Amino acid sequence: MARGVLIIDRNRCKGCELCISVCPVKILSLDYENANIKGYQPMKILSPEKCIGCCNCAVICPDQVIEIMKGDTNHG
Amino acid sequence: MTDFLFQKTNGLTDKQTHYCPGCTHGIIHRLVAEVLEDLNVVEETIAIASVGCSVLSYEYFNTDSIQASHGRAPAVATGIKRVFPNQIVFTYQGDGDLASIGLAEIIAAAGRGENITVIFVNNAIYGMTGGQMAPTSLVGQKTSTSPLGRNPLLAGMPLKMCEIMSQIPSVEYVSRVSTHSPLAIRQAKVAIKKAFENQRANRGFSFVEILSSCNIGWGLPPVEALKWIESRMISYYPLGVYKDGKDLE
Ligand SMILES: Cc1ncc(C[n+]2csc(CCOP(=O)(O)OP(=O)(O)O)c2C)c(N)n1
Ligand code: SF4
Ligand code: SF4
């Protein structure tokens, strides 16, 4: 079960990949199929259930794209 | 509130920044804003924006702001703080602004021990104007005005501002931090918080240098630029607290 639940403000994203590079469980990627309103391929989460809620992605994002809700803290 | 592990700070406006993708100015803005929120002083803070990529930072900080002319932010901050001693006043300056055209103002404000906080963003280049060599550009670093790399015989060695500032007796606090990893960013926030707490407690002049990336100016993808901070900048600009407490007679 996910310990963190990402809320992604897609249209703020600039596709810089910093979040992707620091996720310890490697569940983030760019969305290569779609562009956001600014024309960037925005970040998307591949396996939300694997998030450990470390907040690394939100801490390194320069563009306030990511907020993280508490997930299930009893598992995993 | 408690349902969040990470929430946007109200120290920033909702405005989307003009910064290039992956530019760490955005991270540093957030850290400053989070600290102001944590200390509950967003409403009583006056930001002094400088000239450089962060010239528009007054659009992003949810504080009152003034945009100073190039290098003069510490002089403007001095005036504001002396007129409004109960407000929190900080400057946000790049290395071109602070370590080149603004050297006289930063040294003079430090010499007087003004009770202000200085956020010094060292990205080893002039970002806004197209990547020219800064006083802080590293030896061998290629920039648009040093296409063969900085030559110390022509341009001298890069200025180490923390080392300089920590020699000034009336300075209270000097620290150098970085933005190259989540851990470094969390540590940077601790130093920024200390610098604002000092001002609130009237302890005096606090200076935080933050190693920052300019991936476009350096010609590197954003993730590589953070590695360049770690592998190249930190060895010349060691991290740590350089001064904690004035030298008084
Ligand atoms: C009096 C004056 N001289 C020169 C300039 C041109 N200028 C604008 S920004 C800048 C340097 C900014 O570099 P830095 O402070 O390192 O900030 P960065 O853009 O890298 O964040 C210069 C020289 C100016 N605006 N005003
Ligand atoms: S909170 Fe941590 S584990 Fe979850 S997506 Fe972000 S970096 Fe990955
Ligand atoms: S760090 Fe932020 S702006 Fe960059 S790709 Fe990730 S979510 Fe997008």
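Preceding block: the structure.
If you're wondering where the values come from, they're calculated on a predicted model, not measured in any experiment.

Looking at the overall build of chain B
Part 1 of the reasoning: Within chain B, the regular secondary structure consists of nine helices and eight strands.
Part 2 of the reasoning: For 249 residues, the compact-globule estimate of 2.2 N^0.38 gives 18 Å, and chain B sits close to it at 17 Å.
Part 3 of the reasoning: Looking at the 249 residues of chain B, the share that counts as buried comes to 55%.
Part 4 of the reasoning: Pairs at least 24 apart in sequence give 69% of the contacts found in chain B among residues at least 6 apart.
Part 5 of the reasoning: When the accessible surface of chain B is summed, it comes to about 10,100 Å², and 55% of that surface belongs to carbon and sulfur atoms.
Part 6 of the reasoning: Of the charged side chains in chain B, 21 are positive and 22 negative, and the gap between their average positions amounts to 5 Å.

Observations concerning the sheet that holds strand 8 (residues 240-244) of chain B
All names here are of chain B.
Part 1 of the reasoning: One open sheet holds the seven strands; their spatial order is 3-2-4-5-7-6-8, and the pairing between them is mixed. Of all the strands in the sheet, the pair left with one neighbour each is strand 3 (64-67) and strand 8. Ignoring strand direction, the axes of neighbouring strands in this sheet form an average angle of 15°.
Part 2 of the reasoning: Sheet strands in contact with helix 7 (residues 182-200) are strand 4 (88-94), strand 5 (117-122), strand 6 (173-178), strand 7 (206-211) and strand 8, and its direction is about 160° off that of strand 6.

Examining the sheet that holds strand 1 (residues 4-8) of chain A
Part 1 of the reasoning: Read from one edge to the other, the open sheet built from three strands follows the order 1(A)-4(A)-1(B), with strand pairing classed as antiparallel. Each edge of the open sheet carries a strand with a single partner, namely strand 1 of chain A together with strand 1 (4-6) of chain B. Looking at each pair of strands side by side, their axes are set apart by 35° on average, direction ignored.
Part 2 of the reasoning: Direction of pairing for strand 1 of chain A relative to strand 4 (residues 66-70) of chain A: antiparallel, over a ladder of five bridges. Bridged to Gly4 of chain A within strand 4 of chain A is Lys70 of chain A.

A closer look at the site of ligand 3
Part 1 of the reasoning: Taken together, the neighbourhood of ligand 3 is formed by Cys13, Lys14, Gly15, Cys16, Glu17, Cys19, Met43, Cys61, Pro62, Val65 and Ile66 of chain A.
Part 2 of the reasoning: Here the shell around ligand 3 is composed, by residue class, of eight nonpolar, one polar and two charged.

Some points on the interface of chain B and chain A
Part 1 of the reasoning: With 28 residues of chain B at the interface, the matching set in chain A holds 30 residues.
Part 2 of the reasoning: In this assembly, chain B packs against chain A so that about 2,400 Å² is buried in total across both faces, 59% of it on carbon and sulfur atoms.
Part 3 of the reasoning: Three residues stand out in chain B for area buried against chain A, namely Leu5, Phe6 and Lys8 of chain B, and they jointly supply 27% of the buried area on that side.
Part 4 of the reasoning: Among the salt bridges present, the one from Asp9 of chain A reaches Lys8 of chain B, with a minimum N-O distance of 3.3 Å.
Part 5 of the reasoning: Along the contact surface separating chain B from chain A lie 16 residue pairs in polar contact (both at pLDDT 80 or more).
Part 6 of the reasoning: Contributions of two or more residues to the side of chain B that touches chain A are made by strand 1, helix 1 (25-38), helix 7 and helix 9 (222-236) of chain B.
Part 7 of the reasoning: Here the residues of the side of chain B that touches chain A sort into 14 nonpolar, eight polar and six charged.
Part 8 of the reasoning: Here two bridges tie strand 4 of chain A to strand 1 of chain B, and the two strands are oriented antiparallel to one another. Bridge pairing in strand 1 of chain B places Met69 of chain A opposite Phe4 of chain B.

Looking at the packing of helix 1 of chain B against helix 7 of chain B
Residue and element names in this part refer to chain B.
Part 1 of the reasoning: The geometry of helix 1 relative to helix 7 is characterised by a closest axis approach of 9 Å and an angle of 50° between their N-to-C directions. Considering their axes alone, helix 1 and helix 7 lie oblique with respect to each other. Judged by the twist between their axes, the crossing of helix 1 over helix 7 is right-handed. Seen from helix 1, the contacting residues are Ile27, Arg30, Leu31, Val32, Glu34, Val35, Leu36 and Asp38; seen from helix 7, they are Ile185, Ala188, Lys189, Ile192, Lys193 and Phe196.
Part 2 of the reasoning: Among the residues forming the contact of helix 1 with helix 7, the class breakdown is nine nonpolar, no polar and five charged.

Here we look at the nonpolar core
Part 1 of the reasoning: One finds Leu28 and Ile66 of chain A together with Phe90, Ile119, Ile192, Phe196 and Met233 of chain B to be the most contacted residues of the largest nonpolar core, which totals 66 residues.
Part 2 of the reasoning: The biggest single contributor to this core is helix 9 of chain B, with eight residues.
Part 3 of the reasoning: Setting aside anything within four residues of it in sequence, one finds Ile192 of chain B in contact with Leu31, Val32, Val35, Ile119, Val208 and Ile210 of chain B.
Part 4 of the reasoning: By size, the runner-up hydrophobic cluster in this structure holds 23 residues, among which are Ala68, Ala109, Ile168 and Phe207 of chain B.

Considering the site of ligand 2
Part 1 of the reasoning: Surveying the vicinity of ligand 2 reveals 14 residues, the closest of which are Cys23, Cys51, Cys54, Cys55 and Cys57 of chain A.
Part 2 of the reasoning: Looking at the shell around ligand 2 residue by residue, the class counts come to twelve nonpolar, two polar and no charged.

Digging into the packing of aromatic side chains
Residues and elements named next belong to chain B.
Part 1 of the reasoning: Considering all chains together, one arrives at seven aromatic pairs over all chains under this definition.
Part 2 of the reasoning: For the pair Phe120 and Phe207, a centre-to-centre distance of 5.6 Å together with 35° between the ring planes defines the contact as tilted. Here the residue Phe120 occupies a position in strand 5, and Phe207 occupies one in strand 7, the gap between them amounting to 87 residues.
Part 3 of the reasoning: With a centroid separation of 4.4 Å and an interplanar angle of 45°, the aromatic rings of Trp218 and Trp228 are classed as tilted. On the criterion of sequence distance, the pair formed by Trp218 in helix 8 (residues 215-218) and Trp228 in helix 9 is long-range, its members being ten residues apart.

Structural notes on the side chain of Ser54 of chain B
Part 1 of the reasoning: Tracing the backbone through its elements, the reader meets Ser54 of chain B in the loop between strand 2 (45-49) and strand 3.
Part 2 of the reasoning: By relative accessible area, which is 2% here, Ser54 of chain B ends up buried.

What counts as what
- Residues numbered from 1 in each chain as written.
- Chains lettered and ligands numbered in written order.
- Predicted model: local features only at pLDDT ≥ 70, side-chain atom pairs only at ≥ 80, totals over all residues.
- Heavy atoms only, no water.
- Helix = DSSP H or I, 4+ residues; strand = E, 2+ residues; numbered from the N terminus.
- Rg over C-alpha atoms; globule rule 2.2 N^0.38 Å.
- Buried < 20%, exposed > 50% of the residue type's maximum accessible area, 1.4 Å probe, protein only.
- Contact = heavy atoms within 4.5 Å.
- Areas by Shrake-Rupley, 256 points an atom, 1.4 Å probe, with all protein chains shown as cover.
- Lys, Arg positive; Asp, Glu negative; His and termini not counted.
- Charge placed at Lys NZ, Arg CZ, Asp CG, Glu CD.
- Pairing = 2+ DSSP bridges.
- Axes fitted to C-alpha atoms, helices over the stretch in contact; angles between N-to-C directions.
- Near = heavy atom within 4 Å.
- Nonpolar A, V, L, I, M, F, W, Y, C, P; charged D, E, K, R; others polar.
- Buried area = accessible area lost by both parts, 1.4 Å probe.
- Salt bridge = Lys/Arg side-chain N within 4 Å of Asp/Glu carboxyl O.
- Polar contact = N/O pair within 3.5 Å; in protein donor to acceptor, adjacent residues only side chain to side chain.
- Parallel < 35°, antiparallel > 145°, perpendicular 65-115°, else oblique.
- Left-handed = near helix turned anticlockwise from the far one by under 90°.
- Core = buried A, V, L, I, M, F, W, Y, C linked by side-chain atoms within 4.5 Å.
- Phe/Tyr/Trp six-rings, centres within 6.5 Å; stacked < 30°, edge-to-face > 60°.

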